[in-house]
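The primary structure of each chain is shown beneath.
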Amino acid sequence: QEQSGLFCLAAASQAACQVREWSLLAGAMAFMQAVRVRRINRERAHREQLQMQEQAQESIDRRHRLDAQSLLASAGACGGGSKEAARNTSSYDGQALGEGQVIALHGRKCGQNGLFSRGEIGEATQQENGNVVIIWPNGSMSQTTWPNLAWYHGRPRLYTDVVSEMGDLFSWVVSEEPSTSAGGAPG
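Residues numbered from 1 in each chain as written. Predicted model: local features only at pLDDT ≥ 70, side-chain atom pairs only at ≥ 80, totals over all residues. Heavy atoms only, no water.

### Notes on the overall build of the chain
Working step 1: Secondary structure summary: the chain contains three helices and five strands in total.
Working step 2: If you sum the accessible surface of the chain, you get close to 13200 Å²; carbon and sulfur atoms cover 58% of it. (Helix = DSSP H or I, 4+ residues; strand = E, 2+ residues; numbered from the N terminus. Areas by Shrake-Rupley, 256 points an atom, 1.4 Å probe, with all protein chains shown as cover.)

Here you go:
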């Protein structure tokens, strides 16, 4: 009888351990679901933000194309101006800029805030403070508030995109998915 009592005690203890393991597993699964829902909501908000920014950029692009056409027309009406200025303006007018690219509307040949020619395309990234840093093909750098419609046109990479890409890299290295450990799922 003593052995049978110990067996019952061991079986009850094992059942209690299984219930505890199942509770822990259910809690971990609920946590992972909450993490997935948060990630989906962040991605949805990010897509909505990008869509609004693209619409705003399309409006700006349309205005800049009209300005460029006006510059070309006025250059032609005033006797033409230089062929290089007309070429730069027309390339600006018809050139599709990729994300992270800006075009100079004017040139700067001296100073501390970058050296570039009119029509040159630089790589631009927004900083956390909202300013934009532009790296020009010659390696010089400009820093400006954005948008700066008097000097530049384009689509700087957004700070949130840079942070998001860094987060994607981090989540790739440290996966949020649960790993299978000894014991596995109850069954």
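### Some words on the side chain of Thr144
Working step 1: Take Thr144: it is sitting in strand β4 (residues 141-144).
Working step 2: Assessed through its relative accessible area of 9%, Thr144 is described here as buried.
Working step 3: Within the structure, the side chain of Thr144 is placed 2.8 Å from the side chain of Asn148, a separation counted as a polar contact.
Working step 4: Residues within four places of Thr144 in sequence aside, it is in contact with Asn131, Val132, Ile134 and Tyr152. (Buried < 20%, exposed > 50% of the residue type's maximum accessible area, 1.4 Å probe, protein only. Polar contact = N/O pair within 3.5 Å; in protein donor to acceptor, adjacent residues only side chain to side chain. Contact = heavy atoms within 4.5 Å.)

### Section: the packing of aromatic side chains
Working step 1: Summed over all chains, the structure comprises six aromatic pairs.
Working step 2: When the ring of Phe116 is compared with that of Trp151, the centres are 6.2 Å apart and the planes differ by 85 degrees; the resulting orientation is edge-to-face. Here the residue Phe116 occupies a position in the loop between β1 (101-104) and β2 (121-126), and Trp151 occupies one in the loop between β4 and β5 (152-155), the gap between them amounting to 35 residues.
Working step 3: Residue classification places Trp151 among the partly exposed residues on the basis of a relative accessible area of 28%.
Working step 4: The interplanar angle of 25 degrees and the centroid separation of 6.5 Å between the aromatic rings of Trp146 and Tyr152 together place this pair among those described as stacked.
Working step 5: By relative accessible area, which is 25% here, Trp146 ends up partly exposed. (Phe/Tyr/Trp six-rings, centres within 6.5 Å; stacked < 30°, edge-to-face > 60°.)

### Some points on empty space enclosed by the protein
Working step 1: Within the structure shown, the criterion is met by one cavity of 30 Å³ or more.
Working step 2: Approximately 30 Å³ is the volume found for the largest cavity.
Working step 3: In terms of lining, the largest cavity is formed by Gln57, Ile60, His64, Trp146, Pro147, Leu149, Tyr152, His153 and Gly154.
Working step 4: Secondary structure elements with two or more residues in the lining of the largest cavity: α1 (2-77) and β5.
Working step 5: Tallied by class, the residues present in the lining of the largest cavity amount to five nonpolar, four polar and no charged. (1 Å grid on protein atoms, 1.4 Å probe; cavity = no way out; pocket = protein on both sides within 12 Å on 5 of 7 lines; lining within 4 Å. Points joined across faces, edges and corners; volume = space filled by probe spheres on them. Nonpolar A, V, L, I, M, F, W, Y, C, P; charged D, E, K, R; others polar.)

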